Amino acid sequence: MGGLPYEMRALEAIFISVVTVLDAEMQVHTTVVNGILADLEDDIDREKLRHLLIQSKKLSTFLQKATLVRDTLDELLEQDEDLAGLYLTEKAQGKPRTETDDHSEAEMLIESYYKHCDEIVQTVGNLVSNIRSTEEIVNIILDANRNSLMLLDLKFQIGTLGLGAGMFIASLYGMNLENFIEEENWGFGAVTGTVFVATAIVIMISLKNLYRVQRVTMSSSTDSRKRRAASSTTGSGSKVRRALFSRKDRPSPMTQKNRSKVWNWLAQSPNIKHY
């Protein structure tokens, strides 16, 4: 790289500083997020979920910043006029390069750091995907626990209802009214048996209705999933065609506003060495 002009060496120094800062920040986020995700695999704690939410916001902000830098480099690679304008030494000597001239040195330099930034973006994107997957799994576990508690509460209520039915029958015979059963030897056994039978019947009917409601809910969910799968299969052909014809190899050029954001961030960042 000793044969490169001064402006190329200065540009490379800027790229090294930017990529070093991004890489160091990525390593910090990766270590923290992986630690939180590993802890959540052992125990789901409210404090851990709060830390995961905070790190998720920080990671999303960092992903936007890294994506902005990558897109800026990609836009620079697309503009031959900007690449030719990087050769300031030749321009000062009165021999500026045009768009049709060879500027492979600048293109190779920028493309190498573009790939590095793209790798950082991909790594951070995978971290964000892992966080989203963990959040979905945690929500599923919490929903399952909540449903189990609700089902247990319903079973207790069904048991209470059955006991209430038996106690209602017993309360009828607890009144100080003559019913002529107390004079019979079989009266106590008959009333007790009737109470147990009534309690068992109420509990069995209630549990049967509860299980039937559960089966209806599960079958309805299965049918809805099948309908969604069928509709997605039917429309997959048109979606694939739209994706193929609308796909671009590179992202769309950035606006001047986004380019200004990148250069302002580079100028204001305290971790970047200015040459």
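So, how was this worked out
- Residues numbered from 1 in each chain as written.
- Predicted model: local features only at pLDDT ≥ 70, side-chain atom pairs only at ≥ 80, totals over all residues.
- Heavy atoms only, no water.
- UniProt positions renumbered as here; feature names shortened; annotations may be inferred.
- Salt bridge = Lys/Arg side-chain N within 4 Å of Asp/Glu carboxyl O.
- Helix = DSSP H or I, 4+ residues; strand = E, 2+ residues; numbered from the N terminus.
- Buried < 20%, exposed > 50% of the residue type's maximum accessible area, 1.4 Å probe, protein only.

Going by an unreviewed UniProt entry, the protein carries the name Magnesium transporter and comes from Geotrichum candidum. The record in UniProt for the protein states the following under Sequence similarities (unreviewed entry): "Belongs to the CorA metal ion transporter (MIT) (TC 1.A.35) family." UniProt's Function (unreviewed entry) comment on the protein is quoted here verbatim: "Mitochondrial inner membrane magnesium transporter required for mitochondrial magnesium homeostasis. Modulates the conductance of the MRS2 channel. Involved in the splicing of mRNA group II introns in mitochondria by affecting mitochondrial magnesium concentrations, which are critical for group II intron splicing."

Before going further, it helps to examine the pattern of salt bridges. Counted by the stated rule, this structure contains five salt bridges. As a salt-bridge pair, Arg-50 and Glu-47 come within 2.5 Å of each other at their nearest N and O atoms. Of the two residues, Arg-50 and Glu-47 are both situated in helix H2 (residues 46–78); the distance of three residues between them amounts to about one turn of the helix. Arg-50 gets classed as partly exposed once you look at its relative accessible area, which sits at 42%. Here Asp-143 makes a salt bridge to Arg-146, at a shortest N to O gap of 2.2 Å. With Asp-143 and Arg-146 both in helix H5 (residues 104–174) and three residues apart, the pair spans about one turn of that helix.

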